[in-house]
Amino acid sequence: KLSAAIPISTHPVRKYFQERIGQPAEQDFVFEMFILACISLNAVVIATQHYEQPYGLTVFIVVMNAIFNAIFALEAALKLVAWTPHVYFQDGWNIFDF
């Protein structure tokens, strides 16, 4: 985690997301737990894939992967808007996401 807090922006959009997501050093607990739950569920969905699986399961996995990818892309976009790219890319986990 990043140790320094960034100043709250005067720009209304950036300020809104900073308040919702939190500071890089202390992210919003609900936001973090939601992303962690999505990562866990995504792992479970991927683990259900197996040889000669039914077509319905294949469709389910593809749809769920698309949904999780959208959630993870939205997470990155929200953090980039709230924290600025300079601060966002100081965290190793955020770099790993790309």
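Only a predicted model underlies this, so the values are computations on that prediction, with no experimental measurement involved.

This part is about the packing of aromatic side chains. This model, assessed by the stated rule, comprises three aromatic pairs. An angle of 15° between the planes, with centres 6.3 Å apart, marks the rings of phenylalanine 68 and phenylalanine 72 as stacked. Linking phenylalanine 68 with phenylalanine 72, this pair stays in helix H3 (residues 55–88), spanning four residues, or about one helical turn. Judged by centre distance (4.9 Å) and plane angle (90°), the rings of tyrosine 88 and phenylalanine 89 are edge-to-face.

The subject of this paragraph is the nonpolar core. Of all hydrophobic cores here, the largest spans 10 residues; its members are Ile6, Ile21, Phe31, Ile35, Ala76, Leu78, Ala82, Trp83, Val87 and Tyr88. Of all elements in the fold, only helix H2 (29–47) and H3 reach the threshold of two or more residues within this core. Considering every element that reaches this core, the biggest residue donor is H3, with six residues. In contact with leucine 78, not counting residues within four places along its chain, are Phe17, Ile21 and Phe31. Val45, Ile61, Met64 and Phe68 belong to the second largest nonpolar core, which has five residues in total.

Another point: the packing of H2 against H3. Put simply, H2 and H3 touch, their axes get as near as 10 Å, and they point 155° apart. By the angle between their axes, H2 is roughly antiparallel relative to H3. For the crossing formed where H2 meets H3, the hand is left-handed. Only Phe60, Ile61, Met64, Asn65, Phe68, Ile71, Phe72, Glu75, Leu78 and Lys79 of H3 make contact with H2, whose side of the interface consists of Phe31, Phe34, Ile35, Cys38, Ile39, Leu41, Asn42, Val45 and Ile46.

A cluster of nonpolar side chains, Phe29, Val30, Met33, Leu36 and Ile39, forms an exposed patch at the surface whose accessible area comes to about 500 Å². As for its placement among the helices and strands, valine 30 is situated in helix H2.

Criteria and thresholds
- Throughout this description, residue numbers start from 1 for each chain and increase along the sequence as written.
- Only residues with pLDDT of 70 or above have their local features reported here, since the model is predicted, and side-chain atom pairs are shown and tallied only from 80 upward, although totals for entire chains, interfaces and linings are computed over all residues.
- Only hydrogens and water are removed before side-chain values are computed, so all heavy atoms of the structure are retained for them.
- Pairing of aromatic side chains requires ring centres within 6.5 Å, counting the rings of Phe and Tyr and the six-membered ring of Trp. Pairs whose planes differ by under 30 degrees are stacked, by over 60 edge-to-face, and all others tilted.
- Helix and strand definitions follow DSSP, with helices as H or I runs of at least four residues and strands as E runs of at least two, each counted in order from the N terminus.
- Here, nonpolar core means buried Ala, Val, Leu, Ile, Met, Phe, Trp, Tyr and Cys residues that are tied together by side-chain atoms lying within 4.5 Å of each other.
- Throughout this description, buried means an accessible area under 20% of the type-specific maximum (1.4 Å probe, protein chains only), exposed means over 50%, and partly exposed covers the range between.
- Note on contacts: a residue pair qualifies if any of its non-hydrogen atoms lie within 4.5 Å across the two residues.
- Axis angles are defined between N-to-C directions and span 0 to 180 degrees, where every axis is a line fitted to C-alpha atoms and, for a helix, only to the segment in contact.
- Note on terminology: angles under 35 degrees are roughly parallel, angles over 145 are roughly antiparallel, angles of 65 to 115 are roughly perpendicular, and the others are oblique.
- For any helix crossing, the convention is left-handed if the near helix is rotated counterclockwise from the far helix by under a right angle, and right-handed if that rotation is clockwise.
- Patch definition: residues with relative accessible area over 30% and no salt bridge; like charges joined within 9 Å; nonpolar side chains (Val, Leu, Ile, Met, Phe, Trp, Tyr) joined within 5 Å.
- For accessible areas, the Shrake-Rupley method is used with a probe of radius 1.4 Å. Any residue's cover is judged against the shown protein chains and nothing else.
- What counts as a salt bridge is simple: a side-chain nitrogen of Lys or Arg found within 4 Å of a carboxyl oxygen of Asp or Glu.

Any link to function would need more than the numbers given here.
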